[in-house]
Amino acid sequence: MRQAVSLETRSALFGWSVLAIATCALIALGERDTGAQAATGIQSEERGALLYSQHCARCHGASGNGGPMESYEGRAPALRPEVNPDITVAYLDLVMATGRMPPAASPYDNRTRNVIFDEQERAEIIAWMGAEFGVEGGLPDAAEGNAAHGQEVWNANCAHCHGATGAGGVAGAGAWTPSVRAQPAEIIAEAIRVGPFQMPQFRDTQISDEEISDVVAFLDEVGEEPRTPILGLVELNPVYASAYVAGLALLVVVSLVWIGGRPAWFPDPEQPETPEVPAGAKPKGADPQEAS
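It should be emphasised that the depicted structure is a prediction, and the values quoted were computed from it without experimental measurement.

### A few points about the overall build of the protein
Tallying secondary structure elements over the protein gives 10 helices and 4 strands in all. If you list the helices and strands of the protein from N to C, you get α-α-β-β-α-α-α-α-β-β-α-α-α-α. Restricting the contact set of the protein to residue pairs at least 6 apart, pairs at least 24 apart contribute 59%. Carbon and sulfur atoms provide 58% of the accessible area of the protein, an area that totals close to 19,800 Å².

Here it is in structure tokens:
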């Protein structure tokens, strides 16, 4: 005779069946997500390799060892840390995010900067270079800072090249300093730590992480102030100010020389004026016989 299954037993069996089915489904989804992530990682690495070969390998070489540039005089630096210790993740991100690399024209022209790679493309190139060339490091971050103290740090370390409010300009010796007023906090932090090209590199013993945040806060504050450019200049940095003073001094000297050569404009009131002599007449006392 067949024994009936109790209600409690059937409920227990149903619950365990549901649990087993849910567990299998979760395992399957997990394997699917892992496979999708692996495929995405492979695609990202392939895109990074493709972008590097299209935009970077021509000058820096397929192996990242650098070499002479075909179109310009000079040599492209190596991008391998064992050859060039300056190469870090922050360095690579900075030069691509600001359009320094790849250059639109000459790599030595600091004034024309067209950003080619977006954030995702930069991450893909850097990830590939990290795997291929061994580039290490991370991206610095800037927290909320004190703008008043940031101005002090800025004036002591940055204003003599980038100007009092970060507008940039000529810094002497043909170097062109870019404007940093509209740059995001990450770019400011990277530039301070990396010191690209002619810019000096500041260690944390010179400018701390907190002071970087203060500098960013200062630049954010002055960037919100209205500007009134004069002759296209946002501000007079030391080089522009020196040129202005030199031009003004030259104008004063030329004016004094010109005025000094025209004394008739400023007659001496104590000096009697010489009477005019009619044409053909002899001045009085000019005939010796008349004088005798």
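### So, the packing of helix H3 (residues 89-97) against helix H4 (residues 119-133)
H4 packs onto H3 with a crossing angle of 145° between their chain directions and a minimal axis gap of 10 Å. For the pair H3 and H4, the crossing hand works out as right-handed. Residues Val89, Leu92, Asp93, Met96 and Ala97 of H3 touch H4, and the partners they reach there are Arg122, Ile125, Ile126 and Met129. For the contact of H3 with H4, the class distribution of residues is 7 nonpolar, no polar and 2 charged.

### Considerations on the packing of H3 against helix H7 (residues 185-194)
Angle between the axes and distance between the axes are the two parameters that describe a pair of packed helices. Orientation of H3 relative to H7, taken along the N-to-C sense of each, is 125°, at an axis distance of 9 Å. The angle between H3 and H7 places the two elements in the oblique class. Crossing hand, H3 versus H7: left-handed. Contact residues: Ala90, Tyr91, Asp93, Leu94 and Ala97 in H3; Ile187, Glu190, Ala191 and Val194 in H7. Broken down by class, the residue content of the contact of H3 with H7 amounts to 7 nonpolar, no polar and 2 charged.

### With respect to the side chain of Arg181
Mapped onto the secondary structure, Arg181 falls in the loop between strand E4 (176-177) and H7. One polar contact links Arg181 to Thr165, side chain to side chain, over a distance of 2.8 Å. Of the polar contacts made by the side chain of Arg181, one reaches the backbone oxygen of Val222; its length is 3.1 Å.

Definitions and limits used
Residues numbered from 1 in each chain as written. Predicted model: local features only at pLDDT ≥ 70, side-chain atom pairs only at ≥ 80, totals over all residues. Heavy atoms only, no water. Helix = DSSP H or I, 4+ residues; strand = E, 2+ residues; numbered from the N terminus. Contact = heavy atoms within 4.5 Å. Areas by Shrake-Rupley, 256 points an atom, 1.4 Å probe, with all protein chains shown as cover. Axes fitted to C-alpha atoms, helices over the stretch in contact; angles between N-to-C directions. Left-handed = near helix turned anticlockwise from the far one by under 90°. Nonpolar A, V, L, I, M, F, W, Y, C, P; charged D, E, K, R; others polar. Parallel < 35°, antiparallel > 145°, perpendicular 65-115°, else oblique. Polar contact = N/O pair within 3.5 Å; in protein donor to acceptor, adjacent residues only side chain to side chain.

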